[in-house]
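So the chains spell out like this:
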Amino acid sequence: MVCPIKIYWAYNNELSKSIGLDFSNYLGNTVEAEIYRLREPLPEYMKPRINARGIVIKKDEKIIGAYIDAGRHESFACSLDRKSLEDITNKDWNEWIQDYIDYNDKLEKELAKLSPEEIIKTYFKALDSHDVKIAKVCLSRTQSNVGGDLSANMSNRELYNKKDYDYIDNILTLDLENTLNETFVDKVD
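This section reports on the structure supplied with the text.

This next bit is on the overall build of the chain. Scanning the chain from N- to C-terminus turns up eight helices and three strands. Taken over 189 residues, the chain has a buried fraction of 35%. Put simply, of all contacts in the chain between residues at least 6 apart along the chain, 63% involve residues at least 24 apart. Within the structure as shown, the chain displays about 12100 Å² of accessible surface, and the carbon and sulfur contribution to it stands at 51%.

This part is about the sheet that holds strand 3 (residues 62–69). Sheet architecture is open: three strands sit in the order 1-2-3, paired in antiparallel fashion. Sheet topology places strand 1 (32–38) and strand 3 at the edges, where each strand pairs with a single neighbour. The average undirected angle you get between the axes of adjacent strands in this sheet is 20 degrees. The pairing of strand 2 (residues 52–59) with strand 3 spans seven bridges and is classified as antiparallel. Residue pairing across strands places Ile57 opposite Gly65, the latter belonging to strand 3. Along the sheet, helix 1 (residues 4–17) makes contact with strand 2 and strand 3, crossing strand 3 at roughly 100 degrees.

Counting buried positions along strand 2 gives seven out of eight residues, so the element sits mostly inside the fold. With seven bridges joining them, strand 1 and strand 2 adopt antiparallel strand pairing. Opposite Glu32, over in strand 2, you have Lys58 as the bridge partner. The turn linking strand 2 back onto strand 3 is made up of two residues, and Asp60 within it adopts a positive phi angle of 50 degrees.

As for its position among the elements, Asn12 is in helix 1. Between the alpha carbons of Asn12 and Cys78 there is a distance of 8.2 Å; along the sequence they are 66 residues apart. Those residues in contact with Asn12 that lie beyond four places of it in its chain are Phe23 and Tyr67.

When we look at a pair of aromatic rings, we describe it by the centre distance and by the angle of the planes. Counted according to the given criterion, the structure contains seven aromatic pairs. Both rings, one in Tyr11 and one in Trp93, keep their centres 6.3 Å apart while their planes meet at 50 degrees; by these two values the pair is tilted. Here Tyr11, found in helix 1, pairs with Trp93, found in helix 3 (residues 93–96); they are 82 residues apart in sequence, far enough to count as distant. Comparing Tyr11 with Trp93 shows no difference in burial state: the two are buried. For the ring pair Tyr11 and Trp96, a centre distance of 6.0 Å and an interplane angle of 85 degrees mean the geometry is edge-to-face. Linking Tyr11 in helix 1 with Trp96 in helix 3, this pair joins segments that are 85 residues apart in sequence. Residue classification places Tyr11 among the buried positions, given a relative accessible area of 3%. Exposure remark for Trp96: the relative accessible area of 1% places this residue in the buried category. Taken together through their ring pairs, the aromatic side chains of Tyr8, Trp9, Phe23 and Tyr67 make up a single cluster.

Analysis parameters
Residues numbered from 1 in each chain as written. Predicted model: local features only at pLDDT ≥ 70, side-chain atom pairs only at ≥ 80, totals over all residues. Heavy atoms only, no water. Helix = DSSP H or I, 4+ residues; strand = E, 2+ residues; numbered from the N terminus. Buried < 20%, exposed > 50% of the residue type's maximum accessible area, 1.4 Å probe, protein only. Contact = heavy atoms within 4.5 Å. Areas by Shrake-Rupley, 256 points an atom, 1.4 Å probe, with all protein chains shown as cover. Pairing = 2+ DSSP bridges. Axes fitted to C-alpha atoms, helices over the stretch in contact; angles between N-to-C directions. Phe/Tyr/Trp six-rings, centres within 6.5 Å; stacked < 30°, edge-to-face > 60°.

Right under this line is the structure:
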């Protein structure tokens, strides 16, 4: 299973390493994060985003990491030298994330056997049964979902969302196929 917070730190460490700052030696340590609002647009490949945050990671007053974060609703951005994850690692998201998947996880093994259509069906079954864990794992298959999960509706004073969403309890799913057949039987004159 992919842990969004683990991905947040791994992703941003890749961005930080691009400028020579690797904070992986500080795993497990308490660090200080300073968040700065940036007033310049993000790189061309990130248009139309214009809002961003500069994040500086420190340990004992020493700068150990830094990166640009897109903030609310889309945390993943670029390095301070404006490079993307793909520019830095020579891997697209799907290739890069492979190093962070726990292939021994029982749920991960089950989902790996499913087609994209079956993952979607599994997701909706999880919504129906209010199974937050399964729903989140199904959604964690893409960068935008992991980034969205970490940054949706968060305060710009936070690095990422630390809370679990209760959104699943507020979702009602319907059998649209039957609903559509019953609804659109009227004759149009």
